[in-house]
Amino acid sequence: MKPNTQQLSDLTIQVRRDILRMVHAVNSGHPGGSLGCTEFLVTLYQNIMDRKEGFDMNGIGEDLFFLSNGHISPVFYSVLARSGYFPVSELATFRLLDSRLQGHPTTHEGLPGVRIASGSLGQGLSVALGAAQAKKLNGDNHIVYTLHGDGELQEGQNWEAIMYASAKKVDNIIATIDLNGKQIDGTTDEVLPMGSIRAKFEAFDWDVLEIKEGNSIDAILAGLTDAKSRTEKGKPVCILLHTEMGNGVDFMMHTHAWHGKAPNNDQLANALAQNISTLADY
C-alpha cells in the first residue's frame, strides 16, 4: 500500500533531519535546495513512481528518475536509502573518502538508484530523453522523471534538449523545474534573469503545469497525478514547482545563503528542534 499524507509528512521530516545531519557531519554540502525539494522527492518515490524491487541500470518495466542538479545529493541519498535502495546507515558516510555517497552523485561507485553522474549542471534532461526514447523503442510504457534547478536552466544544453524533446514528440517524460528563485551567488534574477520560464517551455511546445505550493505534499500529489495524465499525448510535460529554499528550517529560508553552507553545532540543534521526527535517525 502507498503511504498516506501523514506518513509522507513524517518521512519528509526525517529526510530533513538526514540532510541536516549529513551536511553538518562533514561541514560540506548543499542543504538549501535539498530541503526545498524534500516534499517533492519523498512524494515522487513513495507514492507516484512505479518502481521494482532492487535496482538495475536498464530500468525496464519501471519508471525512472534522473537528478540533473546533482548538488542536492543529500536529499537524493536520503530518499533513496529510505526507499530501500541501500542501507540507511550508509548515510553516515556522506562525502567521506571512499564513500559511495559523494558530494555529487556518480555511477562508478555502483550506488543503487543513481543512474547518471550529475556533478556538471545542465546535462540531466539530455540523458533522460535518451532513456525515454529507449523505452519507446522497447515498447515500455513507463515514465521518465527528471528534476532541475531554475538556475541550472542558464546552461545552454538544456535548451537544445528542450527543443529536441518536443520536435521528436518525446511524450513519456515529465521534467520538473525547482523554482525557488535562488542560486549560489544570489537570486536568479540578479545572476541572469530568465523572464517567464513557463512562456519559454510553451514556446518550445511543451505541455506546462505549475505546482504553486511546491512544499505541500497534497499539492505535489495532485500536480504529479495531473502531469502523469498528460503523458502519451504527443508533447513532453514540464512541471514548474514553486518551492522555498531551506524549507522547514526558519533561518535557512528566504535567502540564498544556505545554498552550499553547512550549519554549525548550535544551528544544527536549532534546525533539528524544528523537525522533531517519530522515525529513527541513522
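What you see is a predicted model; the values in this text were computed from it and never measured. (Residues numbered from 1 in each chain as written. Predicted model: local features only at pLDDT ≥ 70, side-chain atom pairs only at ≥ 80, totals over all residues. Heavy atoms only, no water.)

Undergrad: Lay out helix α4 (residues 73-82) in plain terms, naming residues and giving numbers.
TA: Among the 10 residues that make up α4, 9 are buried, leaving the element largely enclosed by the rest of the structure. Listed in full, the buried residues belonging to α4 are Ser73, Pro74, Val75, Phe76, Tyr77, Ser78, Val79, Leu80 and Ala81. Looking one or two places after α4, you find glycine 84, whose phi comes out positive at around 95°. (Buried < 20%, exposed > 50% of the residue type's maximum accessible area, 1.4 Å probe, protein only. Helix = DSSP H or I, 4+ residues; strand = E, 2+ residues; numbered from the N terminus.)

Undergrad: Tell me about empty space enclosed by the protein, and name the residues and values.
TA: The full count for this structure, using the stated rule, is 2 cavities of 30 Å³ or more. Of the volumes computed, that of the largest cavity is approximately 60 Å³. In terms of lining residues, the largest cavity is bounded by Tyr45, Met49, Arg51, Phe55, Glu62, Asp63, Leu64, Phe65, Tyr85, Gly113 and Arg115. Estimates place the volume of the second largest cavity at around 30 Å³. Every residue lining the second largest cavity is listed: Phe65, Phe66, Leu67, Phe76, Pro105, Val114, Arg115, Ile116 and Ser118. Here the element with the most residues in the lining of the second largest cavity is strand β1 (residues 64-67); it accounts for 3 residues. (1 Å grid on protein atoms, 1.4 Å probe; cavity = no way out; pocket = protein on both sides within 12 Å on 5 of 7 lines; lining within 4 Å. Points joined across faces, edges and corners; volume = space filled by probe spheres on them.)

Undergrad: Pulling in residues and values, what's your account of the nonpolar core?
TA: Membership of the largest hydrophobic core comes to 54 residues, with the highest contact counts inside it found for Leu44, Tyr45, Phe65, Phe86 and Tyr145. Examining the composition of this core, we find that 7 residues originate from one element, helix α1 (residues 5-26), more than from any other. Setting aside anything within four residues of it in sequence, one finds tyrosine 145 in contact with Leu44, Ile48, Met49, Asp63, Leu64, Phe65, Phe66, Ile174, Leu224 and Lys228. Judged by nonpolar contacts, the second largest core, of 26 residues, contains Leu64, Phe66, Ile177 and Leu240. (Core = buried A, V, L, I, M, F, W, Y, C linked by side-chain atoms within 4.5 Å. Contact = heavy atoms within 4.5 Å.)

Undergrad: Give me the lowdown on the layout of surface pockets, citing residues and values where you can.
TA: As a volume, the largest pocket reaches approximately 300 Å³. Contributing to the lining of the largest pocket are 20 residues, with His71, Leu121, Glu152, Gln183 and His259 lying nearest its centre. For the lining of the largest pocket, the residue count by class is 4 nonpolar, 11 polar and 5 charged. Approximately 160 Å³ is the volume found for the second largest pocket. Around the second largest pocket, the lining residues are Asp150, Leu179, Gly181, Thr188, Asp189, Met194, Gly195, Ser196, Ile197, Arg198 and Leu240. A class-by-class count of the residues in the lining of the second largest pocket yields 4 nonpolar, 4 polar and 3 charged. (Nonpolar A, V, L, I, M, F, W, Y, C, P; charged D, E, K, R; others polar.)

Note that every value here comes from positions in space, so none of it alone points to a role or purpose.
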